[in-house]
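Examination of the molecular architecture
Each chain is listed here by its residues.
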Amino acid sequence: MILVSVMYPGGSDAQPFDLDYYLKHHMPLVRERWSSMGLDKVEVVRASGTPDGSPAPFQVMALLTFRSLEDFQKAGAAHGKEIFGDIPNFFKGQPVVQINEPQSF
């Protein structure tokens, strides 16, 4: 299992982010295209701040759980152009994508 974090930069000079479009159009597109390709779980979190009160480094993060790295790579190859091509409809900046391996403790 892998967890893919798609993080949209925030901070004091953050680009505007259309959360309504993201939740009603973009994330349903992600689920529709990738659920049959190994996407098991999707969670979206919106930053509310930092402990010191400064702007959060990321304003929105999508956490995508895939069965395997290979599933994520196949899903990206099949539908990545469409999904990543939709980003300018809700965010003018560049998201940071990170692949993570969940750890048990």
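Keep in mind that what you see is a predicted model, and the values were worked out from it rather than measured.

Topic: the overall build of the protein chain
On a plain count of helices and strands, the protein chain comes out with two helices and four strands. Element order for the protein chain, N to C, with α for helix and β for strand: β-α-β-β-α-β. In terms of overall size, the protein chain behaves like a compact globule, its C-alpha atoms giving a radius of gyration of 14 Å where 105 residues would be expected to give roughly 13 Å. With the principal axes as the frame, the protein chain shows a C-alpha extent of 40 × 40 × 20 Å. The burial tally for the protein chain puts 34% of its 105 residues in the buried class. Residue pairs at least 24 apart in sequence account for 78% of intrachain contacts in the protein chain once pairs closer than 6 positions are excluded. Carbon and sulfur atoms provide 53% of the accessible area of the protein chain, an area that totals close to 6600 Å². Across the protein chain, 9 positive and 12 negative side-chain charges occur, with their mean positions spaced 5 Å apart.

Quick word on the sheet that holds strand 3 (residues 58-66)
If you trace the four strands from one edge of the open sheet to the other, you get 2-3-1-4, paired in antiparallel fashion. A strand with exactly one partner marks an edge of an open sheet, and here the two such strands are strand 2 (39-46) and strand 4 (96-100). Strand-to-strand twist across the sheet, computed as the mean angle between neighbouring axes with direction ignored, equals 15 degrees. Note that strand 1 (residues 2-9) and strand 4 share five bridges and pair antiparallel. Paired with L3 across the bridge in strand 4 is N100. On the sheet, helix 1 (residues 19-34) packs against strand 1, strand 2 and strand 3 and is oriented at approximately 165 degrees with respect to strand 2.

Observations regarding the UniProt feature "domain: EthD" (unreviewed entry) in the protein chain
Following the UniProt record, one finds the feature "domain: EthD" (unreviewed entry) at residues 20-91. Along residues 20-91 one finds 44% helix and 24% strand; the C-alpha atoms at either end are 12 Å apart.

A word on empty space enclosed by the protein
One pass over the structure, following the stated rule, counts one cavity of 30 Å³ or more. The volume enclosed by the largest cavity comes to roughly 110 Å³. In terms of lining residues, the largest cavity is bounded by 15 residues, among which V6, Y8, H26, L64 and I83 are the most central. Broken down by secondary-structure element, the contributors of at least two residues to the lining of the largest cavity are strand 1, helix 1, strand 3 and helix 2 (69-85). Residue composition of the lining of the largest cavity, grouped by class: 14 nonpolar, one polar and no charged.

Some thoughts on the environment of H25
You can see H25 is positioned in helix 1. In this structure, the C-alpha to C-alpha distance between H25 and N89, residues 64 residues apart in sequence, is 9.7 Å.

Comments concerning the nonpolar core
By size, the foremost hydrophobic cluster in this structure holds 22 residues, and its most contacted members are Y8, Y22, W34, L64 and F66. Looking at this core, the elements with two or more residues in it are strand 1, helix 1, strand 2, strand 3 and helix 2. Tallying contributions element by element places helix 1 first for this core, with five residues. If near-sequence neighbours (up to four positions away) are discounted, Y22 is found in contact with Y8, F17, M27, P28, V44, V60, A62 and F90.

Each value, and the rule that gives it
- Residues numbered from 1 in each chain as written.
- Predicted model: local features only at pLDDT ≥ 70, side-chain atom pairs only at ≥ 80, totals over all residues.
- Heavy atoms only, no water.
- Helix = DSSP H or I, 4+ residues; strand = E, 2+ residues; numbered from the N terminus.
- Rg over C-alpha atoms; globule rule 2.2 N^0.38 Å.
- Buried < 20%, exposed > 50% of the residue type's maximum accessible area, 1.4 Å probe, protein only.
- Contact = heavy atoms within 4.5 Å.
- Areas by Shrake-Rupley, 256 points an atom, 1.4 Å probe, with all protein chains shown as cover.
- Lys, Arg positive; Asp, Glu negative; His and termini not counted.
- Charge placed at Lys NZ, Arg CZ, Asp CG, Glu CD.
- Pairing = 2+ DSSP bridges.
- Axes fitted to C-alpha atoms, helices over the stretch in contact; angles between N-to-C directions.
- UniProt positions renumbered as here; feature names shortened; annotations may be inferred.
- 1 Å grid on protein atoms, 1.4 Å probe; cavity = no way out; pocket = protein on both sides within 12 Å on 5 of 7 lines; lining within 4 Å.
- Points joined across faces, edges and corners; volume = space filled by probe spheres on them.
- Nonpolar A, V, L, I, M, F, W, Y, C, P; charged D, E, K, R; others polar.
- Core = buried A, V, L, I, M, F, W, Y, C linked by side-chain atoms within 4.5 Å.

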